[in-house]
Amino acid sequence: MKEHLTVAKFGGTSVADAGQFRKIREIVAGDPGRRFIVVSAPGKRDPGDTKVTDLLIGACEKARKGEDFGKDLDRIRDRFQAILDGLGLEFPLQEEMELLAKSLREDPQMDYAASRGEYLTARIMAAYLGYTFVDPAWCICFDEAGQLDPLMTARTMRASLLPLDHAVIAGFYGADMAGKIHTFARGGSDITGSLAACAVGADLYENWTDVSGLYAADPRIVENPETVPFMSYRELRTLSYMGASVLHSDAVLSASEAEIPINIRNTNRPEDAGTMIVRHLPSGAAKNRVTGVSGRKGMSVLQIEKVMVSDGSGFSALMLDIFRERALPFEYCLTGIDSITLVIRQDLLDPCREDLLQEIRDKLHPDFIGLRDHLSLIAVTGERATESSDANVRVLEKLTEEGIEISTINQGAGKLNLLIGVPEEKYESAIRAIYDYRQGEIHRQAKQ
Ligand code: ASP
């Protein structure tokens, strides 16, 4: 029988101190399938703390300005030394710090400096677990412009990892053909984990963090929201797009293409099952249920009216061309019989709003243009819930009962989301109302 294979990525808070390293050792020992481990750099130990990556970036900025960065390097060294002392490990930290100081003095390169947190963490973790250290500079391939080469990376990673029984891979960076280090965007160790999982054909990609999965609503708005047991990749992408941030979106994309399930787990509560992100929700899971609700403030709605917009004369295409030429993105566009509505982020619209309106008037001669600011856009996500119009109607009823004005409604044929525009000042109460509706449905179904 084929043994199951897991890639487990541990985020910044999971490697923040020696105690967290110990928890990881227990988690890894708990399942022989966890053969490939990806680590971030030590994150915050408490809200007032500074992430090691930020200390490294700060040191490099000072080095570039010719300022003294000695104190920043001392803080970085102290954090790693405390981990080594706590674990009772021998490690050539002094040599590594001297190499870093030398490179900052001679040629301060931001990506190289920023990557050293993951590099040191992975080396220490490998020594602690007795695993092989894999430097992504050998197997995550970037071009000279800093763009990932996914095909070469897949091939090289597979060749580097598969012959190994166990390995720890540093997250967040790779290198180009000349050996120059490039990093992903912040939070990019998730991408390393996902690339590793795809390259080795893992059965599961575990993403260990400090929450027991994805919340059904923003915990800053809803008190103790539930974590969602199952979620589809599509649902996760919408929820993250609208602001729920746990996993880097590029990491979700590559895992979903390879159909590798992602399990969000809590290093501090390994007994919790977390959230399992899959292509198809298991039958029976989340039937008729809203998976989650998320949203964003700061939206504007542009409404253009013209008799018979949808008569095939190309009015909508001309309108969208104006946006394309200005490289101005919009959140969604709805066309009706006599009107087009676009929802646009207000911060992107503000610098060009007068020019844009004038261009629309000149090119399209509309009968009416309306622009309304200070809206929020709410996504009610749930592949199963939005299949039936019943849930949508109930959500809208619930908002109306609460006296919340609904400015726009959009649901495509894909039925993944119901997007609702509400005034910004009603954003929080709308999220709470929809979450309450979700919980009510769950209890109602449980009783049936
Ligand atoms: N250490 C990097 C950051 O702070 C990458 C990561 O943690 O994923 O963004």
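Residues numbered from 1 in each chain as written. Predicted model: local features only at pLDDT ≥ 70, side-chain atom pairs only at ≥ 80, totals over all residues. Heavy atoms only, no water.

### Focus on the overall build of the chain
Okay, so step 1: When helices and strands are tallied, the chain shows 14 helices and 16 strands.
Okay, so step 2: Scaling as 2.2 N^0.38, a compact globule of 448 residues should have a C-alpha radius of gyration of about 22 Å, and the chain matches this with 25 Å.
Okay, so step 3: When the 448 residues of the chain are sorted by exposure, 53% land in the buried category.
Okay, so step 4: Across the chain, the fraction of contacts at a sequence separation of at least 24, relative to all contacts at a separation of at least 6, is 74%.
Okay, so step 5: A total accessible area of about 20,600 Å² is found for the chain, and carbon and sulfur atoms account for 50% of it. (Helix = DSSP H or I, 4+ residues; strand = E, 2+ residues; numbered from the N terminus. Rg over C-alpha atoms; globule rule 2.2 N^0.38 Å. Buried < 20%, exposed > 50% of the residue type's maximum accessible area, 1.4 Å probe, protein only. Contact = heavy atoms within 4.5 Å. Areas by Shrake-Rupley, 256 points an atom, 1.4 Å probe, with all protein chains shown as cover.)

### A word on the site of the ligand
Okay, so step 1: Within the structure, the ligand sits among S40, T53, E118, F172, R186, G187, G188 and S189.
Okay, so step 2: In this structure, E118 approaches the ligand through a side-chain N or O atom, which is 2.6 Å from a nitrogen atom.
Okay, so step 3: At a separation of 2.8 Å, an oxygen atom of the ligand approaches a polar backbone atom of G187.
Okay, so step 4: In the complex, the protein chains occlude 91% of the 260 Å² of accessible area that the ligand would expose alone.
Okay, so step 5: Here the shell around the ligand is built from residues that sort into one nonpolar, five polar and two charged. (Near = heavy atom within 4 Å. Polar contact = N/O pair within 3.5 Å; in protein donor to acceptor, adjacent residues only side chain to side chain. Nonpolar A, V, L, I, M, F, W, Y, C, P; charged D, E, K, R; others polar.)

### Quick word on the packing of aromatic side chains
Okay, so step 1: As enumerated under the stated definition, the model contains six aromatic pairs in all.
Okay, so step 2: Between F133 and W138 the ring centres are 6.3 Å apart and the planes differ by 70°, which places this aromatic pair in the edge-to-face class.
Okay, so step 3: W138 gets classed as exposed once you look at its relative accessible area, which sits at 53%.
Okay, so step 4: Every member of this aromatic cluster is reached through a ring pair, and the members are Y119, F133 and W138. (Phe/Tyr/Trp six-rings, centres within 6.5 Å; stacked < 30°, edge-to-face > 60°.)

### A word on unusual backbone geometry
Okay, so step 1: Even without being glycine, H365 reaches a positive phi, approximately 45°.
Okay, so step 2: Following the sequence through the fold, H365 ends up in the loop between helix 12 (353-364) and strand 14 (368-381).
Okay, so step 3: Phi at H374 is positive, roughly 60°, even though this residue is not glycine.
Okay, so step 4: With respect to the helices and strands, H374 occurs in strand 14.
Okay, so step 5: Residue classification places H374 among the partly exposed residues on the basis of a relative accessible area of 48%.

### Quick notes on the sheet that holds strand 7 (residues 204-209)
Okay, so step 1: With respect to topology, eight strands assemble into an open sheet ordered 3-4-2-1-7-9-10-8, the strand pairing being mixed. Two strands bound the open sheet, and with one partner strand each, they are strand 3 (132-134) and strand 8 (230-232). Averaged over neighbouring strand pairs, the angle between their axes works out to 25° when direction is ignored.
Okay, so step 2: In terms of strand pairing, strand 3 meets strand 4 (residues 167-170) through three bridges, oriented parallel. Looking at strand 4, one finds that F133 is bridged to V168. (Pairing = 2+ DSSP bridges. Axes fitted to C-alpha atoms, helices over the stretch in contact; angles between N-to-C directions.)

### Here we look at the pattern of salt bridges
Okay, so step 1: Tallied over the entire structure, the rule returns 27 salt bridges.
Okay, so step 2: Linking D373 and R353 is a salt bridge whose minimum nitrogen-to-oxygen distance equals 3.1 Å. Here D373, found in strand 14, pairs with R353, found in helix 12; they are 20 residues apart in sequence, far enough to count as distant.
Okay, so step 3: Among the residues examined, D373 registers a relative accessible area of 23% and is labelled partly exposed.
Okay, so step 4: Close ionic contact of R444 with E441 constitutes a salt bridge, the shortest N to O distance being 2.8 Å. Separated by three residues within a single helix, R444 and E441 lie in helix 14 (residues 427-447), roughly one turn from each other. (Salt bridge = Lys/Arg side-chain N within 4 Å of Asp/Glu carboxyl O.)

### Side note on the packing of helix 1 (residues 18-29) against helix 3 (residues 70-87)
Okay, so step 1: Running from N to C, helix 1 and helix 3 cross one another at 55°; their axes reach a closest spacing of 8 Å. With respect to helix 3, the axis of helix 1 lies oblique. When helix 1 is examined against helix 3, the residues A18, F21 and R22 are found in contact with a partner set consisting of A82, I83, G86 and L87. (Parallel < 35°, antiparallel > 145°, perpendicular 65-115°, else oblique.)

### A word on the environment of L364
Okay, so step 1: Tracing the chain through its elements places L364 in helix 12.
Okay, so step 2: By relative accessible area, which is 4% here, L364 ends up buried.
Okay, so step 3: Taking the C-alpha atoms as reference, L364 lies 44 Å from L214; in sequence the two are 150 residues apart.

### A word on the packing of helix 6 (residues 150-161) against helix 7 (residues 189-200)
Okay, so step 1: Between helix 6 and helix 7, whose axes approach to 8 Å, the crossing angle comes to 75°. The angle between helix 6 and helix 7 falls in the class roughly perpendicular. Residue-level contacts link T153, A154, M157, R158 and L161 of helix 6 to T192, L195, A196, A199 and V200 of helix 7.
Okay, so step 2: When grouped by side-chain class, the residues that make up the contact of helix 6 with helix 7 number seven nonpolar, two polar and one charged.

### A look at the sheet that holds strand 15 (residues 408-410)
Okay, so step 1: Reading across from one edge, 12-13-11-14-16-15 is the order of the six strands in this open sheet, with antiparallel pairing throughout. One side of each edge strand has no neighbouring strand; the edge strands of this open sheet are strand 12 (332-335) and strand 15. Geometrically, the sheet is characterised by an average inter-axis angle of 30° between neighbouring strands, direction not taken into account.
Okay, so step 2: Each of strand 11 (292-305), strand 12 and strand 13 (339-345) touches helix 10 (residues 315-325); the most contacted strand, strand 13, lies at about 20° to it.
Okay, so step 3: With respect to the sheet, helix 14 is in contact with strand 11, strand 14 and strand 16 (417-423), its orientation differing from that of strand 11 by roughly 125°.

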